[in-house]
Amino acid sequence: MMSAQPNHSRDSVIEVSNLVTYYGRHKVLDDVSLDVASGEIMVIMGGSGSGKSTLLRYLLGLHRADSGVVRLFGRDINTLNSREWMGLRRRMGVAFQGGALFNSMTVGENVRMPLREHTRLDENTMRIMSRMKLEVVNLAGFEHLMPSQLSGGMLKRAALARALVMDPALLFFDEPSAGLDPVVAADLDNLILRIRDAMRVSIVVVTHELESAFKIADRITVLDQGRILMTGTVDEVRNSDIARVRNLLSRTCDEQLVDTDDYLQRLTGGTD
Amino acid sequence: MVTEMQAARLRTFTERIGREFVIGVEDFGHGALLLAESLFWILLGRWWQQPVRLRAMVREMMEIGVMAIPVLSILAFANGAMMAMQGIYTLREFGAESQVISGIATSVTREFGVLIASIVVAGRSGSAIAARIGTMQMAQEIDALRVMGVAPVRYLVSPILVASLLMMPTLTILSNLMAILGGGVISIMELHISLGTYFDRVLSVLEPGDLWQGLSKSLVFGVLITLIATGNGFNASGGAEGLGRATTRSVVLCISAIVVADMMFTFFLII
């Protein structure tokens, strides 16, 4: 069973094969397979309800897959014990959509939190390291502020600093440009590219913003209604002739044919 | 037609009872798991490189215990005074009003001291803890903890459990003292005795068993408050409205659980 997908490159940091997940009885992800190579920026793109956020949660190991395998750094995450998980988590950084900074701590304390929990560094070293990461995301001098005092863009950058503080090999970024104005969003895109080049980290970005995706991605996975439509480079996605991908790119929605009987049945709530 | 509708209504009704029952069982199981996991981290966390931090425990002890002292003192004092007034009024009919002192001493140390202390803690901290954890849940802060490799139960629940196990007995002792003092002030005025005589009488009536009864209950109530409040926080969903629901549910369940558990305790300890 373990050798079902033997021919993945040794360099893959994430390998997902045939992932199927349910929310209640509703199938959210259907037979999703993808891999992320070391050092690449993979953008998972899709509209609302496409299952991209769900896919991220499974990649982070926040849920157990109903079927299929998720491998991080070559290890099947379903077979890890909690100690192994903890070791793996130290090599991952996650910047959540709203930042998910701890509201009771200052920005500096937030960034130091992973160091405090996982290392035995002294306070001074931790301070220096957190300032270094805040410098990287252009937030130097803001470490004494509380998260509630930051703007949306600053929150995301602070979350990024916290995600980077353990020097992860794998970075996840959920919706970096959601809720930001175009200038700040572009700024964040540049930051992501800079971080990849400076730290040689693999980055998975989940987004619905086309412009942002085309700018930063090495490869793009397009999700739609829980299925992968295609995975390819930016040009391949741009030139794709798959109808639903084209719809997504041109921002048109396809007309859904309405079956009258079916429609009436839904309205009346009748079973048969 | 009518019978068909009645049958449908009956089915909806029974389905609802069934669902509520399942939710209740789920809550119970969830609470038991929370207790087991937080005890695990308290006892073995250090060996798993996940110690329960002293700083967090002290902070919770301040929140749950020290900050509750003023309001608890006032409530316990008032309750003791009320018991004395009612007791003297009732016992006067039999000319036995001086017996009120032994009544206050035993009922406060066995029942009312611990009951007032736990209701104050449930009202203050039961809502605050549920709101805090619920907010964290909705802002993905709990997920952030998990992906950082920090067990949320160790970080959020264990310090509260330790704090309530230490502070509930302490608050109960304070509550006992204040309630007895409240009863004393009324007794001085109505029975024309000195405070020294009052306390002599109280001490001569009390047995260690009376105090233990209250203190042992306080530990159980502390655990109940911790599990119900944190459990409701973790299960919160649905925005601001959901958060409000979770905090209300937390306080109501905390107080109900305390009163029902108290009744069962008393049943088994006395009968």
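In what follows, the structure referred to is the one given above.
Per chain, residues are indexed from 1 in the order of the written sequence. Chain A is the first chain written and ligand 1 is the first ligand written, with later ones labelled in order. In view of the model being predicted, local features appear only for residues whose pLDDT reaches at least 70, and side-chain atom pairs are presented and counted only at 80 or more, with totals across whole chains, interfaces and linings using the full set of residues. Just so you know, side-chain values use all the structure's heavy atoms and leave hydrogens and water out.

**Here's the deal with the overall build of chain A**
- Of regular secondary structure, chain A possesses ten helices and ten strands.
- The size measure is the radius of gyration over C-alpha atoms, and the globule rule it meets is 2.2 Å times the number of residues to the 0.38 power. For chain A, the C-alpha radius of gyration of 20 Å lies close to 19 Å, the compact-globule estimate for 272 residues.
- Dimensions along the principal axes, computed over C-alpha positions, put chain A at roughly 70 × 45 × 40 Å.
- Relative accessibility thresholds used throughout: buried, under 20% of the residue-type maximum; exposed, over 50%; partly exposed, between the two (1.4 Å probe, protein chains only). Looking at chain A as a whole, 49% of its 272 residues qualify as buried.
- Should any heavy atoms of two residues lie within 4.5 Å, those residues are considered in contact. Considering only contacts in chain A between residues 6 or more positions apart, those separated by 24 or more positions represent 63%.
- The accessible surface values rely on the Shrake-Rupley method and a 1.4 Å probe; as for residues, cover is taken only from the protein chains in view. Accessible area of chain A: about 13700 Å², with a carbon and sulfur share of 49%.
- Of the charged side chains in chain A, 32 are positive and 35 negative; the average position of the first set lies 7 Å away from that of the second. Note on conventions: DSSP H or I runs of at least 4 residues are helices, E runs of at least 2 residues are strands, and numbering of each starts at the N terminus. For the charge count, each Lys or Arg is scored as positive and each Asp or Glu as negative, with His and the chain ends excluded. For this purpose, a charge sits on NZ of Lys, CZ of Arg, CG of Asp or CD of Glu.

**Remarks on the overall build of chain B**
- Check the secondary structure of chain B and you find nine helices and zero strands.
- Secondary structure elements of chain B, listed N to C terminal, follow the sequence α-α-α-α-α-α-α-α-α.
- Dimensions of chain B, computed from C-alpha atoms along their principal axes, come out at roughly 65 × 65 × 35 Å.
- Taken across its 271 residues, chain B has 44% of its residues classed as buried.
- Of all intrachain contacts in chain B linking residues separated by at least 6 positions in sequence, the fraction that spans at least 24 positions is 84%.
- Within the structure as shown, chain B displays about 14000 Å² of accessible surface, and the carbon and sulfur contribution to it stands at 71%.
- Here chain B contributes 18 positively and 19 negatively charged side chains, and the mean placements of these two sets differ by 7 Å.

**Looking at the pairing of strand S7 (residues 170–174) of chain A**
Residues and elements named next belong to chain A.
- In terms of burial, S7 is a largely internal element, five of the five residues being buried.
- Residues Leu170, Phe172 and Asp174 of S7 are buried on one face, and the alternating residues Leu171 and Phe173, pointing to the opposite face, are buried as well.
- A pair of strands is considered paired only if DSSP assigns at least 2 bridges between the two. With four bridges connecting them, strand S6 (residues 92–95) and S7 associate as parallel partners. Residue alanine 95 lies in a different strand from S7, and its bridge partner there is phenylalanine 173.

**Observations regarding the nonpolar core**
- Counting residues in each nonpolar core, the largest one holds 81 residues, and the members touching the most others are Ile14, Leu19, Leu55, Leu60, Leu72, Leu170 and Phe172 of chain A.
- Core analysis: the next-biggest nonpolar cluster, separate from the first, contains 45 residues, Leu150, Leu180, Ile192 and Ile220 of chain A among them. We define the nonpolar core as a collection of buried residues of types Ala, Val, Leu, Ile, Met, Phe, Trp, Tyr and Cys that are connected through side-chain atoms lying within 4.5 Å of one another.

**Here's the deal with the sheet that holds strand S8 (residues 202–207) of chain A**
Residues and elements named next belong to chain A.
- Taking strand neighbours across the sheet as the criterion, the six strands line up as S6-S7-S8-S3-S9-S10 in an open arrangement whose pairing is mixed. Both outer strands of the open sheet, S6 and strand S10 (227–233), are each paired with one neighbouring strand and no more. Mean inter-strand twist for the sheet, computed between neighbouring axes without regard to direction, equals 15°. For helices, the axis comes from a line fit to the C-alpha atoms of the stretch in contact; other axes are also lines fit to C-alpha atoms, and the angle between any two N-to-C directions lies between 0 and 180 degrees.

**Remarks on unusual backbone geometry**
- Phi is positive for glutamine 225 of chain A, close to 45°, though the residue is something other than glycine.
- Here glutamine 225 of chain A lies in the loop between strand S9 (219–224) and S10.
- We note that glutamine 140 of chain B has phi near 65°; this positive angle belongs to a residue other than glycine.

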